[in-house]
Amino acid sequence: MNHHRGPVMTARSATMTRWGVSAMIALAAACGGSGSEQAATTTVAVRDTVLPAPAESLLTQDSASQSIRRGMALMLATRDSLPSHVGNELHCTSCHLNKGRKPFGNPLVGVANRYPAMWERTGTTVTLEDRVNDCFRRGLNGKPLAAGSTEMRDILAYLTWLSTELPKGPHAGLGVDSIPLIPADTVRGKTQFAMYCSRCHGPEGQGGKNLGVQHPGPPLWGNGSFTIGSGMARQRIVAAFVHHHMPFDAPGFVADSIANDVAGFVLSRPRPDFPGKELDWPNGNAPDDLRYKTKAQAAAPAAKQ
Ligand code: HEC
Ligand code: HEC
């Protein structure tokens, strides 16, 4: 258990995760602790969860390894490498942290073993290629890669390699974890954003590339950010992501309620639209934190929640 030292008011809550790990979340209400003290409070669940994936040092100079490396590079520098396919300032790894390896950071370890699969959002069976292109369109506000293009092949090579050690099936650390969906107090969220987020993501959520900080964050809203159709535009996903991984240099102290408030505030700001979003979840089972109405919901309002 870790404590914030100094004149800091600390409220702590113990949360049971799905895996029964007791995670201590320390929230510094008036945060005077140094970065390293905050880092020490990183939730137990993230620190103790391992997603087995091959080490980069195992890559060689053969053509398969080179394709994997190119795929990895595309995911790290998506906008610079593929400007005609990316309409905002994000990279794949803005949301799939640590090159897709981070537990609860939307990891992509094992992903190649899970597709093709039925997907509730389309109501159809989708391929891994479909999912990659879906993130190009919704996460990066851009255009899909052509099937069979070198770039798509390289990204798939990376994801397939990353998946070699994790078979299909449930595993701790996938997704972003679930924390309770608490109605957001966006006024409080705005204050918390100014305290804990704006130093890297900019006071207007525009991103930190001009702020001269060590870890500039990508845009959280506005034209440079993800579309309303992205999974990241759901409060539950942002809240869990922030709870576990933000602030980037000192994660693990943003309590559930604050994470929900900040997520609610961030998502209340304007962002790029995603035409066609109303066709999502055609079977009427749209999640309760979606910020748009689907046609299927309108057709069968009783089915909603
Ligand atoms: C120390 C700088 C820093 C701070 C402070 C910080 N972030 Fe981030 N944030 C980052 C970086 C860097 C990334 C992208 C990670 C990468 O590229 O590896 C990121 C990514 C994100 C993302 C996903 C990508 C996107 O653009 O949507 C969200 C959401 C996010 N941060 C929200 C927050 C919130 C909310 C806070 C405040 C509680 C916060 N961050 C505080 C640096 C920071
Ligand atoms: C704005 C954040 C964001 C960006 C940028 C983004 N993704 Fe995603 N991605 C997500 C989220 C959130 C999910 C899971 C929920 C969903 O699909 O809506 C996801 C899901 C996926 C999946 C399916 C994962 C699974 O477990 O089923 C793949 C594959 C994927 N992304 C690849 C990529 C690639 C490749 C890029 C870059 C070309 C990218 N993503 C860019 C947020 C993002």
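As a reminder, the structure under discussion sits directly above these lines.
*Asks:* Honestly, the overall build of the protein chain in this entry has me stumped. Any pointers?
*Replies:* Helix and strand content of the protein chain: 13 helices and 4 strands. The buried share of the protein chain, reckoned over its 305 residues, is 50%. Across the protein chain, every contact between residues at least 6 apart in sequence was considered, and the portion connecting residues at least 24 apart equals 63%. When the accessible surface of the protein chain is totalled, it reaches about 14400 Å², and 56% of it is carbon and sulfur.

*Asks:* I would appreciate a short explanation of the environment of Val254 in the present structure.
*Replies:* For Val254, the location among the structural elements is in the loop between α11 (235–245) and α12 (256–268). Overall, Val254 belongs to the buried group, its relative accessible area being 5%. With 11 residues separating them in the primary sequence, Val254 and His243 have C-alpha atoms 5.1 Å apart.

*Asks:* Can you help me understand α12 in this one?
*Replies:* Side chains of residues three or four places apart in an α-helix project in the same direction, reflecting 3.6 residues per turn. In this model, α12 (13 residues) spans 18 Å end to end at C-alpha, consistent with the 18 Å of a helix rising 1.5 Å per residue. Within α12, 11 of the 13 residues are buried, which leaves it mostly tucked inside the rest of the structure. Residues of α12 that are buried include every one of Asp256, Ile258, Ala259, Asn260, Asp261, Val262, Ala263, Gly264, Phe265, Val266 and Leu267, and no others.

*Asks:* Hey, could you run me through the packing of aromatic side chains in this one?
*Replies:* Think of a pair of aromatic rings as described by two things: how far the centres are apart, and how the planes are tilted against each other in angle. Applying the stated criterion across every chain, the model contains 5 aromatic pairs. Centre to centre, the rings of Phe193 and Trp221 are 5.1 Å apart; their planes meet at 50°, and the pair counts as tilted. Taken together, the positions of Phe193 in helix α9 (residues 186–196) and Trp221 in the loop between α10 (198–201) and α11 put the pair 28 residues apart, joining distant regions of the chain. Note on Phe193: relative accessible area 3%, which makes it buried. Judged by its relative accessible area of 8%, Trp221 is buried. When the centroid spacing of 5.2 Å and the interplanar angle of 75° are considered together, the rings of Tyr196 and Phe253 count as edge-to-face. Taken together, the residues span a long stretch of sequence, with Tyr196 in helix α9 and Phe253 in the loop between α11 and α12 at a distance of 57 residues.

*Asks:* What is the right way to read the coordination of the iron atom of ligand 1 from this model?
*Replies:* By definition of the ideal shapes, four donors in a tetrahedron about a metal sit 109.5 degrees apart, and six donors in an octahedron sit 90 or 180 degrees apart. For the iron atom of ligand 1, every protein donor is listed as His201 (NE2) and Met246 (SD), and the spread of their distances is 2.0 to 2.3 Å. Between the 6 donor atoms coordinating the iron atom of ligand 1, the angles at the centre fall across 86 to 179°, so the site counts as octahedral. Note that His201 is positioned in helix α10 and Met246 in the loop between α11 and α12, a separation of 45 residues in sequence. Neither residue differs from the other here; His201 and Met246 are each classed as buried.

*Asks:* Sorry, what's going on with the layout of surface pockets here?
*Replies:* Think of a ball as big as a water molecule: rolled over the atoms, this probe shows where empty space is left. Of the voids in this model, the second largest pocket is the one considered here, and its volume is about 820 Å³. Taken together, 38 residues form the lining of the second largest pocket, with Ser94, His201, Gly217, Pro218 and Met246 sitting closest to its centre. For the lining of the second largest pocket, the elements supplying multiple residues, two or more each, are α4 (78–81), α5 (92–95), α6 (97–100), α9, α10, α11 and α12. In terms of domain composition, the lining of the second largest pocket takes at least three residues from each of domain 1 (10–48 + 176–268) and domain 2 (56–162).

*Asks:* Honestly, the site of ligand 1 in this entry has me stumped. Any pointers?
*Replies:* By nearness alone, 23 residues border ligand 1, and Cys197, Cys200, His201, Pro219 and Met246 come closest of all. His201 is positioned with one of its side-chain polar atoms (N or O) 2.7 Å from a nitrogen atom of ligand 1. Taking Pro219, its main chain carries an N or O atom lying 2.8 Å from an oxygen atom of ligand 1. Of all the cavities here, the one that holds ligand 1 is the second largest pocket. Residue assignment for the shell around ligand 1 shows that the elements contributing at least two residues are α5, α10 and α11. Per-element tally for the shell around ligand 1: the top contributor is α10, with 3 residues.

About the criteria used
Residues numbered from 1 in each chain as written. Chains lettered and ligands numbered in written order. Predicted model: local features only at pLDDT ≥ 70, side-chain atom pairs only at ≥ 80, totals over all residues. Heavy atoms only, no water. Helix = DSSP H or I, 4+ residues; strand = E, 2+ residues; numbered from the N terminus. Buried < 20%, exposed > 50% of the residue type's maximum accessible area, 1.4 Å probe, protein only. Contact = heavy atoms within 4.5 Å. Areas by Shrake-Rupley, 256 points an atom, 1.4 Å probe, with all protein chains shown as cover. Expected span 1.5 Å × (residues − 1). Phe/Tyr/Trp six-rings, centres within 6.5 Å; stacked < 30°, edge-to-face > 60°. Donors = N, O, S within 2.8 Å, 3.2 Å for Na, K, Ca; no water. Tetrahedral: all angles 85-135°; square planar, octahedral: opposite > 155°, others 65-115°. 1 Å grid on protein atoms, 1.4 Å probe; cavity = no way out; pocket = protein on both sides within 12 Å on 5 of 7 lines; lining within 4 Å. Points joined across faces, edges and corners; volume = space filled by probe spheres on them. Domains from an automatic or database assignment. Near = heavy atom within 4 Å. Polar contact = N/O pair within 3.5 Å; in protein donor to acceptor, adjacent residues only side chain to side chain. Sits in = over half its atoms within 2 Å of the grid points.

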